[in-house]
Each structure stands twice: as C-alpha cells, then as structure tokens.
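Chain by chain, the residues:
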Amino acid sequence: MPLLALPSSLEITAYSHQEGRLCVSLLSTQPSSYCPLCGTAAARIHSHYQRRLADLPTAGQPVCFLLSVRKFFCDESTCLRKIFTERLAPFVTPSARGTQRLLQIVQVIGLATGGRLGVRVTDRLGIQTSLHTILRRIMAKPPEPVGAVSQIGIDDFSFRRGRTFGTLIMDLQTRKVLDVLPDRTADTSAAWMAAHPEIELVSRDRGGDYASAARKVVPEATQTADRFHLLKNLGEALEGLLARHLAAHRKRQAETAKAVPIQTSQAGELPKVFPTSVALSWAKREQRLAQYQQMVALREQGFSQPAIAEQVGIGHATVSRWLKNGTFPEQKPRSRSASVDPYLPQLVERWKEGLSTVAELHRELVADGYSHQYNFVYRQLARSFPEERQKRCTRSLPEGQKKQEISKQLPRPPVLARQAMFLFLRGPEGLETKEQETLMLLRSLHPEVDQAYELVQQFAHMLRTRTGERLDDWLGKVKESRIRELQGFVVGVIQDKAAVVAGLTLLQSNGLVEGKVNKLKLIKRMGYGRANFPLLRQRVLHAL
Ligand SMILES: [Zn+2]
C-alpha cells in the first residue's frame, strides 16, 4: 500500500521539505498521450517541463507536487495541432495549480461554509487556498439538470434585510429545491414554469403573482393554496381578534385596580373596511395602549418599574421609556433603512470592554444622537456575540422575592395575542396542563373568543383530515358568527376558493411546508444580500 495515492503513470523520484511543506517530485512515465484535438496517441516527445501542484495535506503536512511532464508532437498529418502538453486526467487538468481531488474538497468546503468561513476551515486543515479560489469553486459546480417535474411548490423568501425577495421552487415529490430565482415577480416565475409545460400541480401562497404566472403558462395545472399560508393567514386574523379582546381585558383590569382616569379618547374604533393587515395593526395598537394603561395604573399603586415590567409582560426599558414620556407612545411607521451600522464599531468596542449592560450602552448611544430603540441594540449585540447572549443580554428582572410578592397581589398576567394565537391553532391533545389553563382563561374572556376557538379548530381539523368538502359549511358558519376579524379571512378564501379546496383536500400540497423550512433556515443563516444572489443560489441548490 503506497503512502501517497497516485495514478500508476506517476513515479515518485524524490522527497524534500520546503517552507513547511512536503514536496514530492513526480515523473510521468506514460509512454504516450492522446492528442486533445484529433485523439491520436502521440509518443514523440517535444520537451520536458515542470509543474507545481498543490495536493491535499497528508498526516498533518501540506503537500505539493513537483511534476515533471512532457510536450508531445502530434504526428497525425491532417491534425492542426502540432504540439500539445501531456494529459493526466482525471488526476489533474491541464492548467490547474492543484490536483482534482484538492479542488473537489475545496468545493465541498465552500458549498458547506460559504466563503469566509471556508478560508478558516481550509487554513486549519492545512489546505492552501484563498477566498477567491473557494468562491470560484462554488460557482464552478454545474446545477443538476431539473428534468421532468409534475408537482411544484413555489414560495418567496426575503434576502438579508427583508426588503427584497427571491423565489424558491421545490419539487413536491422529491422535496428537493429545483431552483432559486432572484425576485418574486410573475414574469420571472412564469419564465421558469414555461420551461416545464409538464407541470400538473402548483402549490403556492395566496398572493396573486405566482397564481397568475401559473394560470398564464401552465393553465392546465391544478393550483392549490399552500397549507402553511392558509394557516398563517388564519392565524393573523385570529391574532387580531385575540389582541382586541386581550386589550379590553387589560383595560378592565386596570380599571378595577382603581387607576387614575386614562385617556380613553385615544382608543380608536376598528375601521369599517378592514383587510387582515389593517385589523391586525389596529389590534396591536389596542394591545399596546392597554399595556400602557395598565402600566400607568400600576405605577399609581406604587409598583416599581421592574415589577411593572414583570406584570405587563414587556421589557424594563420599554416601561421606563413609556412612563417617562407621559403619553401613549404611538408607533412610528417602521423605518425600513433602520440600521445601527454607523454606531456599530463604537458599540462593539464598548461591549468588548465588558463593563456595561445593554441598557447602559443604549443610553450612551442615545446621548450621541442615536435614534434606535433598546431592542435594536440588544438584537445587534446578541447577533454579534451569541455566546454572551445568556450572560449579559438578558434583561434585568426583579429579584425572586419581589416577584412572589407581586404574584400574590395580582391575577396572572394575560398572555400576548401572538402566543394566544398559537394556543388556538394547536390541537388540544398536544397542550400541557399550564397551556390548557391559559387556553380556558382565554376562551372565557368573551363568547366571541370561545366561538372563534371552535371555528379555528374546525379549520385546522379540515387541514389535518383533508376534508376540503366541508369548506362551504365552515365559511357559512364564520359568516354567521359575525366575528369581524375572521370575515377578512373568509373574503380572501372565497376569492381563491378552488385552490383552497384543493389545498385542503390534496395530499400533495403539504409537502412544501416541511421540506421548505430547513432550506429557508439555511438561507437565513447564510444571510446573503441580493448582491450575492448567484452564490446563494449555488449553495441552496447544492446544499448538503
Ligand atoms: Zn492531433
């Protein structure tokens, strides 16, 4: 068994050490080589020359080859090529500076790690390469041919900052990612589908673009509403309803706590026309307002800020800020270019000194004219220093004793609408005792909430048992209930009814969800911006 795996036509002539590397001199001994142009075997030698090749490290040492190769004359009279360099495929390609096996490993590492991390990994492994080479190797891998596909799932994902979107297309039968597209327009997805007229089923979200693309290009294909999105939309409607009732509940609590008069005039009325998103943001505002009112009430009773934070269920810094303002803080529309970046170096420096809490650093930044909230700084630091997250990023909580004292005096704080929503969507059999108690409490808030729970469970049951034929019945019940948040969901369902029934009924349409999640997580973790789209696409398509 030889120490080095080499093709039989290469003979080792010497070993040496150069710059910490094991250098192996190799001589090519094959008697002839085939002309790359005409394929004739050539044996007449023109000249010798030396190539330097990097190889995989062996037993802890980087390895390089000093390879003696030859040029041959092509003696085939009709061939245009007169001289050519000897071919040593598949060991090494003609102009490469590394062996084929080295380049393959670099490619595997590149696809698994991205680029920058790959440099660190290869460095530790004793593989000499560069970021540039790793990126080139990632891009060099040809995509697997897609072939015939009959059922696709199509969905969007956001690039790093969440402002731009791409599209992920999956084969629902093999659960493999078929392609990643650089945007989510109807045109781009239609162009992809046009290359696959054999498509029989398209599972998509309830946005119109993918639907219209499929209608146009593969009109014969069955369209189904993706079950994940159905549940998500229903969940949003439900969250609005829960937020409204939880807000009312908090208000009642605050009033029984004999609060000072609260600016009730700020409580808005739900607009008459309410797409789900509007209802949801309205309900969220109601929830914030109720939290604020509860906060004021608790302060009037002499509770400390940490105690209030604990009771209301929001961060200490928020409590402090809201109370300092003296009025209900309306939420500004989210600034889309929000970024801590110009302040980031300063922030990281101060954090590394290890003396300050997040709250202290945030105060410092604000003093320097910084306009973002505590949470933003918290997230930035948690992201930059994940290992310290537990230690120093945790919010300050009151001491155990204080906590107990409070819990004796006050009823349990209500959950947030979002948590409540998940309790409503889950099957009752999967809930723990404490969750069941919370669920009972929520359902007892108002007959409407109780009714909504029944309706939502019926819908989830249709999804689980694939009994889409009951949809009409269900839609009728929801209309009858007059629960306003759910009406918006119903309107959307009716507009897309054929696809929703198919989504509720067909077995295929749930494949996307499970298969997709991991791929999407991978994308998020990689954190690529739009600019690096080709690299992102390669990595998703060749994900290990
Ligand atoms: Zn030739």
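Basis of the calculations
Residues numbered from 1 in each chain as written. Predicted model: local features only at pLDDT ≥ 70, side-chain atom pairs only at ≥ 80, totals over all residues. Heavy atoms only, no water. Buried < 20%, exposed > 50% of the residue type's maximum accessible area, 1.4 Å probe, protein only. Helix = DSSP H or I, 4+ residues; strand = E, 2+ residues; numbered from the N terminus. Pairing = 2+ DSSP bridges. Donors = N, O, S within 2.8 Å, 3.2 Å for Na, K, Ca; no water. Tetrahedral: all angles 85-135°; square planar, octahedral: opposite > 155°, others 65-115°. Core = buried A, V, L, I, M, F, W, Y, C linked by side-chain atoms within 4.5 Å. Contact = heavy atoms within 4.5 Å. Polar contact = N/O pair within 3.5 Å; in protein donor to acceptor, adjacent residues only side chain to side chain. Axes fitted to C-alpha atoms, helices over the stretch in contact; angles between N-to-C directions. Parallel < 35°, antiparallel > 145°, perpendicular 65-115°, else oblique. Left-handed = near helix turned anticlockwise from the far one by under 90°. Nonpolar A, V, L, I, M, F, W, Y, C, P; charged D, E, K, R; others polar. Phe/Tyr/Trp six-rings, centres within 6.5 Å; stacked < 30°, edge-to-face > 60°. Lys NZ or Arg CZ within 6 Å of the ring centre and 35° of its normal.

Asker: In this structure, what is going on with the pairing of strand β2 (residues 21-28)? I would like to understand it.
Answerer: Both faces of the sheet carry side chains from a regular strand, because those side chains alternate between them. By the criterion of burial, β2 is predominantly enclosed, with seven of the eight residues buried. Sheet topology places strand β1 (residues 10-18) next to β2; eight bridges connect them, and they run antiparallel. Its bridge partner being in β2, Q18 is matched across the sheet by R21. Between β1 and β2, which pair antiparallel in sequence order, lie two residues; one of them, E19, sits at a positive phi of approximately 50 degrees. Pairing geometry for β2 and strand β6 (residues 61-73), over six bridges, is parallel. Counted as the bridge partner of C23 is C64 from β6.

Asker: Quick question: what am I supposed to make of the coordination of the zinc ion here?
Answerer: Expected angles at a metal are 109.5 degrees for tetrahedral coordination by four donors and either 90 or 180 degrees for octahedral coordination by six donors. With distances of 2.2 to 2.4 Å, the protein atoms coordinating the zinc ion are C35 (SG), C38 (SG), C74 (SG) and C79 (SG). For the zinc ion, the four donor atoms are set out with angles of 100 to 117 degrees between them, so the coordination reads as tetrahedral. Counting the intervening residues between successive donors of the zinc ion yields the motif C-x2-C-x35-C-x4-C.

Asker: Explain the nonpolar core to me, please; I cannot follow it from the model alone.
Answerer: Nonpolar side chains in soluble globular proteins tend to end up buried together. Ranked by internal contacts, the top residues of the largest apolar core, which has 40 residues, are L238, F459, L471 and W474. Counting residues per element, the ones that place at least two in this core are α6 (227-256), α15 (417-425), α16 (433-443), α17 (447-465), α18 (471-481), α19 (484-495) and α20 (497-505). Sequence-distant contacts of L471, defined by excluding residues within four places in its chain, comprise F459, M462, V493, K497, V500, V501 and L504. Counting residues in each nonpolar core, the second largest holds 16 residues, with L178, L181, V202 and A214 among its members.

Asker: Quick question: what am I supposed to make of the environment of T505 here?
Answerer: One can find T505 in helix α20. A sequence separation of 39 residues divides T505 from R466, and the C-alpha atoms of the two residues are 4.4 Å apart. In contact with T505, other than residues within four places in its own chain, are R466 and G468. Here V501 takes part through its backbone oxygen, which lies 2.5 Å from a polar atom of the side chain of T505.

Asker: Got a minute to help me understand the packing of α17 against α18 in this structure?
Answerer: When two helices pack together, their arrangement is given by the angle between the helix axes and by the axis-to-axis distance. Interaxial distance between α17 and α18 falls to 11 Å at its minimum, and their mutual angle equals 165 degrees. If you check the angle between α17 and α18, you find them roughly antiparallel. Along this stretch, α17 crosses α18, giving a crossing that reads as left-handed. Contacts between α17 and α18 pair Q451, L455, Q458, F459 and M462 from the former with L471, W474, K477, V478 and S481 from the latter. For the contact of α17 with α18, the per-class residue count stands at six nonpolar, three polar and one charged.

Asker: What should I look at first to understand the packing of aromatic side chains in this one?
Answerer: The geometry of an aromatic ring pair is captured by the separation of the ring centres together with the interplanar angle, meaning the angle of the planes. The final tally for this structure, using the stated rule, is seven aromatic pairs. For the pair F424 and Y453, a centre-to-centre distance of 5.1 Å together with 85 degrees between the ring planes defines the contact as edge-to-face. In this pair, F424 is assigned in helix α15 and Y453 in helix α17, connecting sequence segments 29 residues apart. The pair F424 / Y453 is uniform in exposure class, with both members buried. The interplanar angle of 85 degrees and the centroid separation of 5.6 Å between the aromatic rings of F459 and F489 together place this pair among those described as edge-to-face. Of this pair, F459 sits in helix α17 while F489 sits in helix α19, and the two are 30 residues apart along the sequence. Note on F459: relative accessible area 0%, which makes it buried. Ring-pair connections join several aromatic residues into one group, and the members of that group are F459, W474 and F489. Between K71 and the ring centre of Y49, over which it is positioned, the NZ or CZ distance is 5.7 Å. Positioned over the ring face of F165 is R184, at 3.7 Å from the centre of the ring.

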